[in-house]
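Structural description and commentary
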Amino acid sequence: MTTQDYELAGVQHSYYSAKVRACLQYKRLPYQEIGANIETLLNRVIPATGSQQFPVVFCPDGTVLKDGCDIVEALEARHPERPIMPENHQLKFIATLIETLADEFFAIPMIYYRWIPEDTKQWGIGMFQTLLGKGVENPDMAALAHQMGETVSTEIRSRLPKVGLDRKEIQDKAQVITKEVCKLLDEHLAKTPFMLGDHPTLADLGMMNAMWGHLYLDPCEPSMLIRNNYLHLNNWITNMHSSAGISNQGELYITDSLIPLLRYMGEAFATMMNDILAAADQTLPEAEAGAEAPAGLGRIDTVLQDTELSRPATTYTAWRLQRVIEAYQNIPEQQQTATDNLLTDIGFLSVCQHTPTWRLQKDNFKLFVASR
Ligand SMILES: N[C@@H](CCC(=O)N[C@@H](CS)C(=O)NCC(=O)O)C(=O)O
């Protein structure tokens, strides 16, 4: 390895690694993907970040980056060439909204396909065992990786009832939403090369998380649907995966074909977003300013599209929504009316116009309650 390489601790089958990989690719940064086997997690990721969560990026200068959205922001600041952030504040805000929808909301329905149908569930357990043990030579560690594969899958599956995925109506809804998003994305990408115009932006990186590690790579129904029926989407996914080869020329813009996709996402997730913000308004002002924020905000009674759902709300998601609101607040006055008309149409106006009674900030990978 050359000392200039970035190192990405992540795996192809992980949801959140795809955005970071596509960013390194698009920016043409030299990097090595070092996987996330048990040894990498124990010897590199946990000592550097305090948690086994990945993706994590080890920079050539020794800096450690964690959390996909922060990693992409840091890479953009370090390497402004081939930018992924639109200069235009309205587009920057739409890109942040799309990234947040993909990471925090679309992740709920799409997870159905890996862990609910029996065949993909068994495949998922084997995949975890394989990747945790990949390249591990010490037999004790290899045995531990095998055991951990089972434990991690059990742990993930135990979280599914928390988002209602043990209920038939939510399972049905999850499938409908996932397939409709794929269809609307395909229709959009038939008209426009990338999410926001002629070249990739953060919106494409964000959507890549939603499409790659689970839906495209898992042997699941949407994977075949994309390959057989949604060839524009298929083409975009495979190009984004090797995005070093994509041109950075051309304009950024919003086309009419993006609207049905955003409107559908609004129908599916905007109420849940508002309910999470309301839970944060209830809980976070009670927390001491400067203290580490509580991880949970309690249960919310909400909906997934039109299906009732009771689920825990997390402070992390509230922080992601704070980022969206702040991107909205940065839109200059001359773009405000057009943006508000768009947001009314796609259903996110009340989310964006929400004025939080709290502010969160990240420091050393942790969220703190800031003084207002
Ligand atoms: N907000 C994080 C989420 C990362 C995440 O959940 N990663 C998964 C793998 S794709 C993970 O490490 N899960 C294990 C865990 O949460 O303990 C990001 O966007 O990077």
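Residues numbered from 1 in each chain as written. Predicted model: local features only at pLDDT ≥ 70, side-chain atom pairs only at ≥ 80, totals over all residues. Heavy atoms only, no water.

With that settled, consider the pairing of strand S7 (residues 360-363). Where S7 meets strand S8 (residues 366-369), 4 bridges bridge the pair, whose relative direction is antiparallel. Bridge pairing links Asp363 to Lys366 in S8. Counting the residues that bridge the hairpin from S7 to S8 gives 2 residues, and of these Asn364 lies at a positive phi of roughly 50°. (Pairing = 2+ DSSP bridges. Helix = DSSP H or I, 4+ residues; strand = E, 2+ residues; numbered from the N terminus.)

For the structure shown, the criterion picks out 0 disulfides. No disulfide involves Cys220; its sulfur sits 8.7 Å from that of Cys182, the nearest cysteine. (Disulfide = S-S within 2.5 Å.)

As a further point, take the nonpolar core. Ranked by internal contacts, the top residues of the largest apolar core, which has 124 residues, are Phe93, Met211, Leu233, Trp236 and Phe348. With 15 residues, the top contributor of residues to this core is helix H12 (residues 258-283). Discounting chain neighbours no more than four positions away, the residues touching Leu233 are Cys182, Leu185, Asp186, Leu189, Met211 and Ile226. (Core = buried A, V, L, I, M, F, W, Y, C linked by side-chain atoms within 4.5 Å. Buried < 20%, exposed > 50% of the residue type's maximum accessible area, 1.4 Å probe, protein only. Contact = heavy atoms within 4.5 Å.)

Glancing now at the pattern of salt bridges. Going through the model one piece at a time under the given rule, you end up with 24 salt bridges. Between Glu76 and Lys27 there is a salt bridge; the shortest N-O distance is 2.6 Å. Highlighted residues: Glu76 in helix H3 (residues 68-78) and Lys27 in the loop between helix H1 (17-26) and strand S2 (31-33), separated in sequence by 49 residues. Assessed through its relative accessible area of 14%, Glu76 is described here as buried. Because the salt bridges share partners, they merge into one network encompassing Lys19, Glu73, Glu99, Asp103, Glu104, Arg320 and Arg323. (Salt bridge = Lys/Arg side-chain N within 4 Å of Asp/Glu carboxyl O.)

Moving on, we get to the side chain of Asp67. The topology assignment puts Asp67 in the loop between strand S4 (64-66) and H3. Engagement of the side chain of Asp67 in a polar contact is seen with the side chain of Tyr316, the distance being 2.8 Å. Beyond its immediate sequence surroundings of up to four residues, Asp67 is in contact with Pro55, Tyr316, Trp319, Arg320 and Lys362. (Polar contact = N/O pair within 3.5 Å; in protein donor to acceptor, adjacent residues only side chain to side chain.)

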